[in-house]
Amino acid sequence: MSEPTAPTAAERHQPVLFQRCIDLLAPALAAPGSVLVDCTLGMGGHSEGVLSQVTTASVIGIDRDPQALELASARLAPFGKRFTPVHATYDDIQAVLDEQGLDHVRGVLMDLGVSSLQLDETERGFAYAHDAPLDMRMDQTAPLTAAEVLNTYPERELARLLRDYGEERFAAKIARSIVRRRTERPWTHSAELVDLIRACIPAATRKGGGNPAKRTFQALRIEVNGELAGLQAALPAAVEALAVGGRLVVESYHSLEDRLVKHEIARGTATSAPPGLPVVPETHRPYLQSLTRGAELAGQAEIATNPRSASVRLRAAERLRPTPGHLLPADRARRADRVWR
């Protein structure tokens with residue numbers, strides 16, 4: 001009997017709001033030679049859609065996970081030189097463009113959060129439904145693991161992480177229990193952590209709302225991978241990477257991510273002029289235009305076939321003009337002046 005073949009990238013992952021993302025990006029990619037940066041390549045589903053449907057476009061695919069890059073590259077190999085894989089984090093977008101000899105691109109896509117590959121690879125410890133080593137690194141070459149966080153962070157810092165990154169009501173109690181338990185033996189596996197969290201949360205609160213460990217696991221994952229700090233740096237960098245007429249599309253999966261995306265787009269769609277001016281100077285006019293009315297959600301039909309789409313929040317914007325220099329840090333203002341001249 002032959003060995004079963006490993007599932008392909010296409011078989012492992014169903015992209016969320018697949019066609020909507022492509023439809024938002026396509027108008028900006030219509031000109032020959034247009035480039036899209038897929039900042040969270042993952043299994044390459046969105047990139048494959050763009051390359052198939054928008055034949056004028058090429059894609060630079062960024063991912064911090066070498067395994068994802070390998071699988072996506074195999075999937076996208078038929079597109080030849082129209083696809084370029086890059087091992088990096090999305091806050092390195094400007095350095096990636098510099099390496100590729102590009103000042104601006106026509107599109108940037110971010111599909112945030114943990115990827116299907118990482119959730120489905122049990123031994124990586126992202127999923128609280130399976131016992132696994134407490135790893136949670138998106139990039140397996142990175143040094144910090146969830147086990148190290150649990151075994152070394154002070155109780156107060158653990159409580160802050162659970163409260164700020166997991167929005168966990170019982171953060172202090174869980175942190176205290178984690179520290180007490182590690183004096184007996186170090187944390188190594190997820191099942192023990194799930195049991196401890198369940199014991200810390202009152203039974204009445206546990207009814208409904210899914211697994212009580214999900215908020216703690218979210219907080220640990222964000223800390224291990226520096227997700228919010230990276231996103232906070234990546235969003236303005238992504239906007240600055242866009243040519244005039246270029247488009248940014250972002251899919252978020254929890255309120256902390258969506259809040260940052262909403263703020264960045266709101267910053268660009270508002271005037272920076274003092275209130276009351278009879279005429280708004282050109283340098284104070286909005287430099288972004290929102291393409292979505294608030295955050296768009298997945299429909300019930302998609303949620304039924306792809307449960308991971310249930311929490312998605314999609315926002316998109318188009319670049320109207322260069323960002324005014326007074327809204328940029330000094331180093332970016334100098335660079336922008338040089339690039340846009």
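Scroll up to find the structure this text is about.
This one's a predicted model, so the numbers in the text were calculated from it and none came from an experiment.

Trainee: Please clarify how the packing of helix α8 (residues 155-166) against helix α9 (residues 171-182) should be interpreted in this entry.
Mentor: Working note: a packed helix pair is described by the angle between its axes plus the distance between those axes. Interaxial distance between α8 and α9 falls to 8 Å at its minimum, and their mutual angle equals 135°. As far as their axial angle goes, α9 and α8 are oblique. In terms of crossing hand, the pair formed by α8 and α9 is right-handed. From α8, E155, L158, A159, L162 and R163 reach across to α9, where they touch A171, A172, I174, A175, R176, I178, V179 and R182.

Trainee: What am I meant to see in the side chain of T145 here?
Mentor: Among the structural elements, T145 can be located in the loop between α6 (116-120) and α7 (146-152). A relative accessible area of 17% places T145 in the buried class.

Trainee: What is the right way to look at the packing of α9 against helix α10 (residues 190-200) in this model?
Mentor: Here α9 crosses α10 at 135°, and the two axes come no closer than 10 Å. By the angle between their axes, α9 is oblique relative to α10. In the packing of α9 onto α10, the handedness of the crossing is right-handed. Here K173, I174, S177, I178 and R181 of α9 come into contact with α10, specifically with E192, L193, L196, I197 and C200. When grouped by side-chain class, the residues that make up the contact of α9 with α10 number six nonpolar, one polar and three charged.

Trainee: Explain the pairing of strand β7 (residues 313-319) to me, please; I cannot follow it from the model alone.
Mentor: Two faces make up the sheet, and in a regular strand the side chains alternate between them. β7 sits mainly inside the fold: six of its seven residues count as buried. Bridge analysis of strand β5 (residues 242-252) against β7 gives six bridges, and the strand direction is antiparallel. Residue pairing for β7: S252 is matched across the bridge by R313. As defined by bridge partners, strand β6 (residues 288-290) adjoins β7 across three bridges and the pair is classed as antiparallel. Paired with Q289 across the two strands is E318, which belongs to β7.

Trainee: Any chance you could explain the sheet that holds strand β3 (residues 83-87) here in plain terms?
Mentor: The strands making up a sheet associate through hydrogen bonds between their backbones, and the pairing can be parallel or antiparallel. What the seven strands build is an open sheet, ordered β3-β2-β1-β4-β5-β7-β6; its pairing is mixed. Each end of this open sheet is capped by a strand with a single partner; those strands are β3 and β6. Adjacent strand axes in the sheet meet at a mean angle of 20°, parallel and antiparallel pairs treated alike. Direction of pairing for strand β1 (residues 34-38) relative to strand β2 (residues 57-63): parallel, over a ladder of five bridges. The partner of L36 across the bridge, within β2, is V59. Along the sheet, helix α2 (residues 18-25) makes contact with β1, β4 (105-111), β5 and β7, crossing β5 at roughly 165°. Against the sheet, helix α3 (residues 45-53) touches β1, β2, β3, β4 and β5, its axis set at about 170° to β2.

Trainee: What should I look at first to understand the nonpolar core in this one?
Mentor: In terms of nonpolar packing, the biggest core is built from 36 residues, with L134, V149, I174, I178, L193 and I197 touching the most fellow members. For this core, the secondary structure elements donating two or more residues are α7, α8, α9, α10 and α12 (214-225). The contact partners of I174, leaving out residues within four places of it in the chain, are L162, E168, L196, I197, C200 and T216. Among the nonpolar cores identified, the runner-up in size contains 30 residues, and V37, M110, L231 and I265 belong to it.

Trainee: Before we go on, may I ask you to explain the packing of aromatic side chains in this structure?
Mentor: One pass over the full model with this rule turns up zero aromatic pairs. Against the face of Y165 rests R160, its NZ or CZ located 5.7 Å from the ring centre. Its guanidinium or amino end placed over the ring of W187, R181 lies 4.1 Å from that ring's centre, counting from NZ or CZ.

Trainee: Explanation requested: the pattern of salt bridges in the structure shown.
Mentor: Taken as a whole and judged by the stated rule, the model has 17 salt bridges. E48 is paired through a salt bridge with R75; the nearest N and O atoms lie 2.9 Å apart. With E48 in helix α3 and R75 in helix α4 (residues 66-76), this pair connects stretches of sequence that are 27 residues apart. A residue is classified by how much of its surface remains accessible, and E48, at 24% relative accessible area, is partly exposed. Judged by its relative accessible area of 16%, R75 is buried. The closest approach of N and O atoms between R247 and E318, which form a salt bridge, is 3.1 Å. Taken as a pair, R247 in strand β5 and E318 in strand β7 lie far apart in primary sequence, 71 residues in all. Each of the two residues, R247 as well as E318, counts as buried. Each of E157, R160, R163 and D164 takes part in a single network of salt bridges with overlapping partners.

Each value, and the rule that gives it
- Residues numbered from 1 in each chain as written.
- Predicted model: local features only at pLDDT ≥ 70, side-chain atom pairs only at ≥ 80, totals over all residues.
- Heavy atoms only, no water.
- Axes fitted to C-alpha atoms, helices over the stretch in contact; angles between N-to-C directions.
- Helix = DSSP H or I, 4+ residues; strand = E, 2+ residues; numbered from the N terminus.
- Parallel < 35°, antiparallel > 145°, perpendicular 65-115°, else oblique.
- Left-handed = near helix turned anticlockwise from the far one by under 90°.
- Contact = heavy atoms within 4.5 Å.
- Buried < 20%, exposed > 50% of the residue type's maximum accessible area, 1.4 Å probe, protein only.
- Nonpolar A, V, L, I, M, F, W, Y, C, P; charged D, E, K, R; others polar.
- Pairing = 2+ DSSP bridges.
- Core = buried A, V, L, I, M, F, W, Y, C linked by side-chain atoms within 4.5 Å.
- Phe/Tyr/Trp six-rings, centres within 6.5 Å; stacked < 30°, edge-to-face > 60°.
- Lys NZ or Arg CZ within 6 Å of the ring centre and 35° of its normal.
- Salt bridge = Lys/Arg side-chain N within 4 Å of Asp/Glu carboxyl O.

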